Amino acid sequence: MISFKNDYSEGAHPRILEALTRHNFEQSDGYGCDEGCARARALILDAVRDRSCDVHFLVGGTQVNLCLIAHALRPHEAAVSAGGGHINVHETGAIEATGHKVLTRPAPDGKLTPALVAQVLEEHTDEHMVRPGLVYVSHPTEVGTLYTKQELEALSSFCRERGLPLYLDGARLSSALAAPGNDLELPDICRLTDAFYLGGTKCGALFGEALIIRDETLKRDFRFIQKQRGALLAKGFLLGIQFEELLRDGLYYELGAHANAMAEQLRGGIRGMGYSFAPETRTNQLFPRLPDGVVEALSQDYAFELWAKGGDKQSVIRLVTSWATKEENVARFLEDLQRLSR
């Protein structure tokens, strides 16, 4: 069985495993207070070109989202998200479990706009409703689309005018940064948001995410929240080792570029057979629309997500490539799809 189900099916990039082995018998301070985490923080601050930011290392994306959002919101406040946003559909109510609602608007392309956020604000006007207190986006979005610099600038400006922190989920940020047509760089994302994170779990790390906080209010007492939520890892040095290796000489971007290149090969081959995508993407997630019979036959040898029933005996599936996807597995998938499509 060849998996295109997600981008965390494999263990870790060999360089990360080598680094972990190299440092294995070193004795380090815990909870992210070690020299390795300090070096990784310095590399991240250099990359975002803002040394005033705080950097915190956590284990997984849902953990980062619930810690940051619970920290940012007062008890009567809610997060605003696109309807398909990860915090709304794929985190088992983690945000709601902290006591905060997620307020949503349909966004077929996965992207929030100032107009959509304004609709939420207009509907929550007094003390009989929760008050929108934070705006959540991801880059790429849950459906693999990208914000342009102009779009993120407009959203950032709107949020600052309304006093709303803007938080960006970067679980697949390496893919976004390396995607053709992307015009957002790390310093742009840092400048335009109040907090965001660099995803490691989906970019060759064994586990781990690096949260960058720019807003002074959000910086205050975050480690207390992190500890209270069970997110302050005792062996935090394991996170520092991994992010130091990812950021040391551009490996983070290389792995995102590889995942995108494998997706582009899939994309070109599938399109060449006459199939369409819903939606079109340039990152490592693809959503081809295929006949149900072809989907069923492919599922015997390949793992992937059934994303949506498209009608007319067709379905949309999700294919995800990773830092470790092999070119021969992409070629095999396309050969089998060609054979089944005849």
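What you are looking at is a predicted structure, and each value in this text was computed from that prediction instead of being measured. (Residues numbered from 1 in each chain as written. Predicted model: local features only at pLDDT ≥ 70, side-chain atom pairs only at ≥ 80, totals over all residues. Heavy atoms only, no water.)

*Asks:* Help me understand the nonpolar core, please; the structure alone is not making it clear to me.
*Replies:* Nonpolar side chains tend to gather and get buried jointly when the protein is soluble and globular. Counting residues in each nonpolar core, the largest one holds 58 residues, and the members touching the most others are Leu112, Phe196 and Leu198. Core analysis: the next-biggest nonpolar cluster, separate from the first, contains 24 residues, Leu73, Ala79, Ala171 and Leu211 among them. (Core = buried A, V, L, I, M, F, W, Y, C linked by side-chain atoms within 4.5 Å. Buried < 20%, exposed > 50% of the residue type's maximum accessible area, 1.4 Å probe, protein only.)

*Asks:* Would you take a moment to explain the packing of aromatic side chains for this structure?
*Replies:* Geometry of an aromatic ring pair is reported as the spacing of the ring centres plus the angle between the planes. Enumeration over the complete set of coordinates arrives at seven aromatic pairs. Ring geometry for phenylalanine 4 against phenylalanine 333: centres 5.5 Å apart, planes inclined by 75°, an arrangement best described as edge-to-face. Of this pair, phenylalanine 4 sits in the loop between β1 (2-3) and α1 (14-22) while phenylalanine 333 is found in helix α15 (residues 327-341), placing the two residues 329 residues apart along the sequence. Taking relative accessible area as the criterion, phenylalanine 4 reaches 1% and is therefore assigned buried. In this structure phenylalanine 333 comes out as buried when scored by relative accessible area, which is 0%. Where phenylalanine 57 meets phenylalanine 243, the ring centres are 5.6 Å apart and the plane angle is 35°; that geometry is what we call tilted. In this pair, phenylalanine 57 sits in strand β2 (residues 54-58) while phenylalanine 243 sits in helix α12 (residues 237-248), placing the two residues 186 residues apart along the sequence. An identical accessibility class is assigned to phenylalanine 57 and phenylalanine 243; each is buried. Ring pairing ties together the aromatic residues Phe4, Tyr302 and Phe333, which thus form one cluster. (Phe/Tyr/Trp six-rings, centres within 6.5 Å; stacked < 30°, edge-to-face > 60°. Helix = DSSP H or I, 4+ residues; strand = E, 2+ residues; numbered from the N terminus.)

*Asks:* Would you explain the packing of helix α6 (residues 114-123) against helix α7 (residues 149-161) in this entry?
*Replies:* Two numbers describe how α6 lies on α7: the axes approach to 9 Å, and their chain directions differ by 25°. Between α6 and α7, the angle falls in the class roughly parallel. Residues Pro114, Val117, Ala118 and Leu121 of α6 lie in contact with α7, whose contacting residues are Ala154, Leu155 and Phe158. The residue makeup of the contact of α6 with α7, split by class, is seven nonpolar, no polar and no charged. (Axes fitted to C-alpha atoms, helices over the stretch in contact; angles between N-to-C directions. Parallel < 35°, antiparallel > 145°, perpendicular 65-115°, else oblique. Contact = heavy atoms within 4.5 Å. Nonpolar A, V, L, I, M, F, W, Y, C, P; charged D, E, K, R; others polar.)

*Asks:* When you look at the sheet that holds strand β8 (residues 209-213) in this model, what are you seeing that I'm missing?
*Replies:* The strands making up a sheet are joined through hydrogen bonds of the backbone, oriented either antiparallel or parallel. Read across the sheet, seven strands follow the order β2-β8-β7-β6-β5-β3-β4 without closing on themselves; strand pairing throughout is mixed. Edge positions in the open sheet fall to β2 and β4 (102-105), since each of these has one partner strand only. In this sheet, adjacent strand axes meet at a mean angle of 25° when their direction is disregarded. With four bridges connecting them, strand β3 (residues 77-82) and β4 associate as parallel partners. Its bridge partner lying in β4, valine 80 is registered against leucine 103. (Pairing = 2+ DSSP bridges.)

*Asks:* Is there a simple way to explain empty space enclosed by the protein in this structure?
*Replies:* Once rolled over the atoms, a probe with the size of a water molecule shows which space is left empty. Inspection of every chain in the model, using the stated rule, returns two cavities of 30 Å³ or more. In this structure, the largest cavity occupies an estimated 70 Å³ of space. Lining the largest cavity are Tyr31, Gly32, Cys37, Arg41, His56, Phe57, Arg223, Gln226, Leu232, Leu233, Gly236 and Leu239. Where the lining of the largest cavity is concerned, the elements lending two or more residues are α2 (35-48), β2 and α11 (222-228). Within the lining of the largest cavity, the residues separate by chemical class into six nonpolar, four polar and two charged. A volume near 60 Å³ is recorded for the second largest cavity. (1 Å grid on protein atoms, 1.4 Å probe; cavity = no way out; pocket = protein on both sides within 12 Å on 5 of 7 lines; lining within 4 Å. Points joined across faces, edges and corners; volume = space filled by probe spheres on them.)

*Asks:* What is the right way to read the environment of glycine 256 from this model?
*Replies:* With respect to the helices and strands, glycine 256 occurs in helix α13 (residues 251-272). For glycine 256 and isoleucine 44, which are 212 residues apart along the polypeptide, the C-alpha to C-alpha distance reads 17 Å. Contact partners of glycine 256, with chain neighbours within four places excluded, come to Ser174, Ser175, Ala178 and Cys203.

*Asks:* What should I look at first to understand the pattern of salt bridges in this one?
*Replies:* In this structure the tally under the stated criterion is 20 salt bridges. Glutamate 244 is the salt-bridge partner of arginine 39, the closest N and O atoms lying 2.8 Å from each other. Here arginine 39 is found in helix α2, whereas its partner glutamate 244 is found in helix α12, with 205 residues between them in sequence. Across the salt bridge formed by lysine 149 and aspartate 188, the nearest N and O atoms sit 3.7 Å from each other. Here aspartate 188 lies in helix α9 (residues 186-192) and lysine 149 lies in helix α7, a separation of 39 residues in the sequence. The network of salt bridges with shared partners includes Arg15, Arg22, Glu245, Arg248 and Asp249. (Salt bridge = Lys/Arg side-chain N within 4 Å of Asp/Glu carboxyl O.)

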